[in-house]
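# Coordinate analysis (summary)
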Amino acid sequence: MAKRLGQSISKTAGLLWCSGCSVVSTSQKWCMEGQRVNLLQGPGRPRPDMHGECGPISQKSYRSTNPWKILLLPVHGHPTSQLTGFKGSATNALVPDTTGHLQRSCKGSSMADAGVVETLLRRIEKVDDGVDSLEVANSLGVDHQVIVGAVKSLQSVGDVISAELRSSKHWELTEEGMEIAENGSHEARVFSSIPLEGLAQSELMKLSFGKIGFSKAMSSKWIRVDKTHEGGPRIFRTVESIEDQVREKLLLVQKGNTSQLEEKEKNELKKRKLLSEVTVKTYWITKGNSFSTTITKQETELTPEMIATGNWKEKKFKPYNFEAMGVAPDSGHLHPLMKVRTQFRQIFLEMGFTEMPTNNFIESSFWNFDSLFQPQQHPARDQHDTFFLSDPALAHEFPQDYLERVKKVHSEGGFGSQGYKYDWKIEEAQKNILRTHTTAVSARMLYKLAQQEKFTPVKYFSIDRVFRNETLDATHLAEFHQIEGVVADYGLTLGDLMGILHQFFTKLGITKLRFKPAYNPYTEPSMEVFSYHEGLKKWVEVGNSGVFRPEMLLPMGLPEDVSVIAWGLSLERPTMIKYGINNIRELVGHKVNLQMVLRQPHMSTGLLSFT
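Residues numbered from 1 in each chain as written. Predicted model: local features only at pLDDT ≥ 70, side-chain atom pairs only at ≥ 80, totals over all residues. Heavy atoms only, no water.

As annotated in an unreviewed UniProt entry, the protein chain is phenylalanine--tRNA ligase from Lates calcarifer. What the UniProt record of the protein chain gives under Sequence similarities (unreviewed entry) is the line "Belongs to the class-II aminoacyl-tRNA synthetase family. Phe-tRNA synthetase alpha subunit type 2 subfamily." (UniProt positions renumbered as here; feature names shortened; annotations may be inferred.)

Have a look at this one:
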């Protein structure tokens, strides 16, 4: 590290003060530059040694050559110096620290003021290759962040300096390691505590270092235990003297001679939590293209006074950064559920689907169940699974001819079906409920399609809320969102359904699909859709699908050769997979963390990406 020539040292009131590094030492041996100090007898001039390191000077010559004014003040019982005369800076007082040195403490300004900045610039000026920020901090006896602040301050005023961020690793003692370096290892202290006549094991264990030191000393065969002793187990020395190698190794590290230790020895000390490897990030600071030791504050605003007086011509303005980000305006944020909903909706629209109107949460049992060829005795129509309305309890407006055809296919059969053979009741069909699925909307849209004079193929989709009387747990709520796709055309088959499902799920980022036969009251054949989850290493269900039964479609009035394929899945499950949420109550409801809504990123293509 480069040193300033002509640094002066003085002994005043029991203190040594080095004008080169501006630090006082009470040791009377070393200054903070790490240089040996020798006091001359009698007056003399400050002189550098041959290496340009801190040079000695006597007390008398100190007074005539020191650039500072010295006022002796007592601080907490220590003789202390107050330094004045630092160009443009606040008063600097020297106060004792834990290392036995007295360091400067700035009052009235931050350390990254003109004083530290000017000191840093002078150091950079005197060298050709550059200086290390940590070395500068150590030489000044200040925290490294103070120098980092000065570097940032200089970088903000232009190309005065160039600072390269560097990382390095070094070993340092832990708190326990520092205690051992001072007092000796636990095993050595145990050995020293045992007199020649031995010591009761119970007495040794009362010492703070007894338990750890006992096991280590036993491993080193420094001591032995006589379990047959009359007064109980007693510990005796087995060797006359020992060498505390643990302490010696720690002292080497403390003095900066870590290289003398082998890697194995370092790891052993680290395992005992006496050493830790620390990564230090520092700046290598060199001169910039506009380097100068005099820094002129750059103006950031053109004021009316500058224009009126014309002194703006003499001012130096800080360049505007037109690439800087402005202050983000306050705004709302989309809930993750709505982001995923938007992505699903976009996929449907890209595939040429039309969105169905789903603004009726309340539905009659007729459209929700009966029109789908779901029998009135089906368990899903029980109060344990469905929310029934008390007011209004019943619906009264139905297309009567269609209602009669539905009644007939349920109770008597028709269109090639024998039906369910039960007494269908209008009272059950009239009951109002909170819809249990959006397929009720699909039924209304297909009936409306059947009333057209000429059938035209359609592709419908819906994404909206449905309600079921579920037991609340980590994966179930009483309300959730259902995604549904419906395609009506001539001659559609199960192969068409599989093909469109592959296209749909590929857009979601799901490419590995399997289909499993299933049962639904209103589709035949029916299939559950599974995808292989790379993260879970197993197949998981991602949806349900099927071909609507003729008992559902033909009473509506659709042509006999028209088939309707459909599939559905929930919105919450893929959202939970995407955002790694395990409990649905953290996604929907009063327990939602609003910060989670703010932090979540925008969605991108490959919505689920089961990886």
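Once the structure has been displayed, the description carries forward.
It is worth spelling out the pattern of salt bridges at this point. Taken as a whole, this structure holds 16 salt bridges when the rule is applied. Across the salt bridge formed by Glu187 and Arg272, the nearest N and O atoms sit 3.1 Å from each other. Here Glu187, found in helix H6 (residues 186-193), pairs with Arg272, found in the loop between helix H10 (263-271) and strand S13 (275-287); they are 85 residues apart in sequence, far enough to count as distant. For the pair formed by Glu187 and Arg272, the shared burial category is buried. One salt bridge connects Glu299 with Lys315, and the closest N-O pair in it is separated by 3.9 Å. One end of the pair, Glu299, is in the loop between S13 and helix H11 (304-309); the other, Lys315, is in the loop between H11 and helix H12 (336-350), with 16 residues separating them in the sequence. Residue Glu299 is classed as partly exposed on the basis of its relative accessible area of 23%. Counted as one network, the salt bridges with shared partners bring together Arg341, Arg345 and Glu355. (Salt bridge = Lys/Arg side-chain N within 4 Å of Asp/Glu carboxyl O. Helix = DSSP H or I, 4+ residues; strand = E, 2+ residues; numbered from the N terminus. Buried < 20%, exposed > 50% of the residue type's maximum accessible area, 1.4 Å probe, protein only.)

Our focus in this paragraph is the packing of aromatic side chains. The description of an aromatic ring pair rests on the distance of the ring centres and on the angle between the ring planes. Under the definition given, this model contains 22 aromatic pairs. Here the aromatic rings of Phe191 and Trp222 are separated by 6.3 Å at their centres, their planes lie at 75°, and the arrangement is edge-to-face. Residue Phe191 is found in helix H6, and its partner Trp222 is found in the loop between helix H8 (210-219) and strand S11 (223-226); the two are separated by 31 residues along the sequence. For the pair Phe191 and Trp222, one class covers both residues: buried. Centre to centre, the rings of Tyr532 and Trp539 are 5.4 Å apart; their planes meet at 65°, and the pair counts as edge-to-face. Each member of the aromatic cluster is reached from another via a ring pair, and the members are Phe344, Phe348, Phe353, Phe461, Phe504, Phe505 and Trp567. (Phe/Tyr/Trp six-rings, centres within 6.5 Å; stacked < 30°, edge-to-face > 60°.)

We now examine unusual backbone geometry. Going from Asp391 to Pro392, the amide bond is cis rather than trans, its omega being -5°. Here Pro392 lies in the loop between helix H13 (365-368) and helix H14 (400-411). The step from Glu524 to Pro525 runs through a cis peptide bond, and the omega angle for that step is 5°. Although it is not a glycine, Lys273 sits at a positive phi angle of roughly 60°. Tracing the backbone shows Lys273 in the loop between H10 and S13. On the basis of relative accessibility, which here comes to 62%, the residue Lys273 falls in the exposed class. Look at Phe415: it is not a glycine, yet its phi comes out positive at around 55°. Of note, Phe415 is situated in the loop between H14 and helix H15 (426-430). Under the relative-accessibility criterion, Phe415 is labelled partly exposed at 44%.

Our next topic: the sheet that holds strand S17 (residues 458-467). What the seven strands build is an open sheet, ordered S14-S17-S18-S22-S21-S20-S19; its pairing is mixed. With partners counted over all chains shown, the strands left at the sheet margins are strand S14 (354-355) and strand S19 (513-520), one partner each. Inspection of the sheet shows S17 paired to strand S18 (residues 479-490) by ten bridges, in the antiparallel sense. Across the sheet, the residue bridging to Val466 is Phe480, located in S18. (Pairing = 2+ DSSP bridges.)

In summary, the side chains of a regular strand alternate between the two faces of the sheet. Sheet topology note: the strand S8 (residues 131-132)/S13 ladder contains two bridges and is antiparallel. Looking at the pairing, Asp132 lines up with Trp284 of S13. Of the pairings in the sheet, the one linking strand S9 (residues 161-173) to S13 comprises 13 bridges and is antiparallel in character. Bridge assignment links Ile161 to a residue of S13, and that residue is Lys287.

Along the chain, the position of Ser462 falls in strand S17. Residue Ser462 is classed as buried on the basis of its relative accessible area, which comes to 0%. Once residues lying within four places of it in the same chain are set aside, the contact partners of Ser462 are Met356, Thr358, Thr438, Gln482, Ile483 and Glu484. (Contact = heavy atoms within 4.5 Å.)

Let us look at helix H17 (residues 494-507). If you check H17, its first and last C-alpha atoms are 20 Å apart, about what 14 residues at 1.5 Å a residue would give, namely 20 Å. Buried within H17 we find Leu497, Ile500, Leu501, Phe504 and Phe505. Around the axis of H17, the buried residues are gathered within 130° of arc, so they sit on the same side. Those residues of H17 that are buried lie in contact with H12, S18, S19, strand S20 (523-533), strand S21 (538-548) and strand S22 (562-570). (Expected span 1.5 Å × (residues − 1). Arc of directions from axis to C-beta.)

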